[in-house]
Amino acid sequence: MEHEDELRIREKIKDLDHAPQAWDKELVWSSIRFHGTKPARRIVVYYAAASLALAVAIIFYSVELTERVALRARISELDLALEQTRNAVRPKETNQAALIAECPEANQAPVQLPRVAKHLNRTEPAMIVRGKEPVEPNPSLPQTEVAKETPQTEVIVATPIEQIDPINEPASPPTSLVILGKSLTVADHSAQKKGRLKMRLFQGEDDEAIGTSSSTPITTLASINN
Amino acid sequence: MFRLVSRYIKSTVDSEDVLIMAFTKVFANISSFSDRGEGSFEGWIRKVVVNEALMWLRRRHNFNMTETLGEGSDPVDLGAFSGLPAEEISRFISELPNGYRTVFNLFVIEGYTHLEIAGMLEISESTSRTQLFKAKTLLKKTLTQEGFHYGT
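In this text the structure is predicted, and so the values were computed from the model without any measurement.

Caption draft 1: Structural detail: the overall build of chain B. For chain B, the helix and strand inventory stands at eight helices and zero strands. Overall, chain B shows an N-to-C arrangement of helices and strands of α-α-α-α-α-α-α-α. When each of the 152 residues of chain B is scored for burial, the buried share is 43%. Across chain B, contacts joining residues at least 24 apart in sequence account for 68% of those joining residues at least 6 apart. Surface summary for chain B: the accessible area is close to 8,100 Å², and the carbon and sulfur share equals 55%.

Structure below.
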């Protein structure tokens, strides 16, 4: 039943499809003409836009090209002026160089002075013995000042502990002579450095107190250094 | 052929465009038609026009946007509808939505199967069945409303 209805509908529709369709010929032709001219207008618009863009691009390029040419000309002018300035300064420099080359003293090697070895003597006061010596009064000064300015006699007993030669330093530590006491002894300097509280003054097993020794030195600092 | 296209596409302007494109293809590929008893020349042109209309519809309509009905739906009686004049039938068909109208045209008018329709519209077979059922239901409902209006 359902299939029969569908067949009837199909037949009716197909019969209708074969019937001519009324159509407005003039309207169709006008539509065709309209559709024929519409793309042409679009194309004209596209061409106009493209031409405008091309013209703007050419103008920008020409302006930029002109600016570049002007900039290059300016740079070349500056380079030329700089070169001229260099040429003006360069002869003076060459004259100075020629004068320096002609000077005989400039060509000589520098004189090397002989190296002077400096010997530094280091002394260390071992004992200061102070005593009063009669001073002759100075008649030009008043009596009170003479009494004030009368210096005390200072005798510095010094032992050379080190003799430094900056060029050739001694391999072994220096030895010094102990010039105090009753006899001369050769003392080791390192031992003296380690224990200053104890001084070996005499040859013998028992040390003698410093206070009991004689206060008269054998020699003085001036005699050693001289 | 214009009536044929008009049953698939509502707009007259679009129908004309589709018809022009279809005949362009017909003239371009007329050498591929061979009369070997496979069908008439009119049938070949009809097939080309229908395919062109379907291509136009596929670009603008998603035929999958419909819910699928289950099996066992009651068949719709179109006896009253088939008794209408051809012009009225065509007008009712053109009032249907795109999906319903396309499947109804392909199945009832052109005589394609649901499997063929599914392949042409890139939908499932059940979707095609559902679209046809809904198209028939809507036609019957519209016809009832029209009869109601005529009756009053």
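Caption draft 2: Structural view of the overall build of chain A. Broken down by element type, chain A carries six helices and four strands. Reading chain A from its N end, one meets helices and strands in the order α-α-α-β-α-β-β-β-α-α. In chain A, which comprises 226 residues, the proportion classed as buried is 11%. The long-range fraction of contacts in chain A, counting pairs at least 24 apart against all pairs at least 6 apart in sequence, stands at 51%. Total accessible area on chain A is roughly 19,200 Å²; 59% of this is exposed by carbon and sulfur atoms.

Caption draft 3: Main features of the pattern of salt bridges. All names here are of chain B. Taken as a whole and assessed by the stated rule, the structure comprises seven salt bridges over all chains. Ionic pairing is found between Glu 87 and Arg 3, a salt bridge with its closest N-O pair at 4.0 Å. Of the two residues, Glu 87 sits in helix α5 (residues 86–95) while Arg 3 sits in helix α1 (residues 2–8), which places them 84 residues apart along the sequence. Here Glu 125 makes a salt bridge to Arg 129, at a shortest N to O gap of 3.2 Å. Remark: Arg 129 and Glu 125 occur in helix α8 (residues 125–151); sequence separation between them is four residues, near one turn of the helix.

Caption draft 4: Structural view of helix α7 (residues 114–121) of chain B. All names here are of chain B. Considered for burial, the residues of α7 that qualify are His 114, Ile 117, Ala 118, Met 120 and Leu 121. For α7, the buried positions fall inside an angular range of 165° around the axis, keeping them on one side. α7 presents Leu 115 and Gly 119 as exposed residues on the side facing more than 90 degrees away from its buried surface. With its phi angle positive at about 55°, Glu 122 sits one or two positions after the end of α7.

Caption draft 5: Representation of the packing of aromatic side chains. All names here are of chain B. Tallied over the entire structure, the rule returns one aromatic pair over all chains. Look at Phe 23 and Phe 27: their rings are 6.3 Å apart centre to centre, the planes differ by 40°, and that puts the pair in the tilted class. Taken together, the residues Phe 23 and Phe 27, both in helix α2 (residues 12–28) and four residues apart, mark about one turn of the helix. Exposure remark for Phe 27: the relative accessible area of 60% places this residue in the exposed category. The lysine or arginine in question, Arg 91, covers the ring of Phe 92, its NZ or CZ lying 5.0 Å from the ring centre.

Calculation criteria
- Residues numbered from 1 in each chain as written.
- Chains lettered and ligands numbered in written order.
- Predicted model: local features only at pLDDT ≥ 70, side-chain atom pairs only at ≥ 80, totals over all residues.
- Heavy atoms only, no water.
- Helix = DSSP H or I, 4+ residues; strand = E, 2+ residues; numbered from the N terminus.
- Buried < 20%, exposed > 50% of the residue type's maximum accessible area, 1.4 Å probe, protein only.
- Contact = heavy atoms within 4.5 Å.
- Areas by Shrake-Rupley, 256 points an atom, 1.4 Å probe, with all protein chains shown as cover.
- Salt bridge = Lys/Arg side-chain N within 4 Å of Asp/Glu carboxyl O.
- Arc of directions from axis to C-beta.
- Phe/Tyr/Trp six-rings, centres within 6.5 Å; stacked < 30°, edge-to-face > 60°.
- Lys NZ or Arg CZ within 6 Å of the ring centre and 35° of its normal.

Keep in mind these numbers describe shape, not what the thing actually does.
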